[in-house]
Amino acid sequence: MKQPKTATLYRMVMPDHLCPYGQKALWLLERNGYQIEDHHLTTREETDAFKEKHGVKTTPQVWIGGERIGGYSELAAHFGNPVDKQGTTYRPVMVLFAMMALMAIGAGWVATGEWLSILTAEWFVSFSMCGLAYLKLRDVESFSTMFLNYDLLARRWVPYGYIYPYAEGLAGVLMTAHVLDFISIPVALFIGTIGAASVFKAVYIDKRELKCACVGGDSDVPLGFVSLTENLFMIGMGLWMLAKPMIV
């Protein structure tokens, strides 16, 4: 008969604090089919004594087969799914574009009764502009600092790094509402053209490896194709809004 898999877990469970990493470690062990000896550390004194006894700095702590695995991050890595991944990633901007696309489809359905339409495409771009502007506006100081690494205008005139996210957001809101085209179109064309030229020069001419400020100043998104796409979207939207009265 196959022996059950067992693990021992020590985690903080106090009246005023339930350790979230301890709870996640418990869930991860259960998901992997372990029977768990779940030991609760119910006071700060008990927790400090535990850490001193075992020579560890944090809780939770997990043992499997008598071997100490460590905390939640080490446990996740033990099961082949490390959580402390370092380096650049496209995930933040891809998640944003996916969510904006779904929002545009939903809004387009309510407005026109169609899942996909010209309005859906327009709203996808304008929603994306608003979403990207929001991420930059969370910390304008941090964004402007990262932006200065590659933007051609910001490197000549520092205030542009502070103005950019507000301009992007303004153009996005106006294009969503389809009002004041005489403001939104020039703004989108201007910041999109400068941005596209800046990214193209930094990445494809100078061959620099930089992080993109497109999703904020704490971004791990690499400067490259996705960053260029953001600016090309704005240029395309500006040109479409300019030509639309003559086409539709």
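These numbers were taken from a predicted model, which means no experiment stands behind them.

Further remarks concern the packing of helix α6 (residues 140–147) against helix α8 (residues 159–177). At a minimum axis separation of 8 Å, α6 and α8 run at an interaxial angle of 115 degrees. In the crossing of α6 with α8, the sense of the turn from one axis to the other is right-handed. In this structure, α6 uses Val 140, Glu 141, Phe 143, Ser 144 and Phe 147 to contact α8, whose residues at the interface are Tyr 160, Gly 161, Tyr 162, Tyr 164, Pro 165 and Tyr 166. Considering only residue class, the contact of α6 with α8 consists of eight nonpolar, two polar and one charged.

By the bridge criterion, eight bridges tie strand β1 (residues 5–14) to strand β3 (residues 34–41) in an arrangement that is parallel. Counterpart to Thr 8 in the pairing with β3 is Glu 37. Across four bridges, the pairing between β1 and strand β4 (residues 61–64) is antiparallel. Residue pairing across strands places Thr 8 opposite Trp 63, the latter belonging to β4. One ladder, built from two bridges, connects β1 with strand β2 (residues 17–18); its direction is antiparallel. Residue pairing in the sheet places Val 13 in a bridge with Leu 18 of β2. Linkage of β1 to β2, two consecutive antiparallel strands, is achieved through a turn of two residues.

Procedures and definitions
- Residues numbered from 1 in each chain as written.
- Predicted model: local features only at pLDDT ≥ 70, side-chain atom pairs only at ≥ 80, totals over all residues.
- Heavy atoms only, no water.
- Axes fitted to C-alpha atoms, helices over the stretch in contact; angles between N-to-C directions.
- Helix = DSSP H or I, 4+ residues; strand = E, 2+ residues; numbered from the N terminus.
- Left-handed = near helix turned anticlockwise from the far one by under 90°.
- Contact = heavy atoms within 4.5 Å.
- Nonpolar A, V, L, I, M, F, W, Y, C, P; charged D, E, K, R; others polar.
- Pairing = 2+ DSSP bridges.

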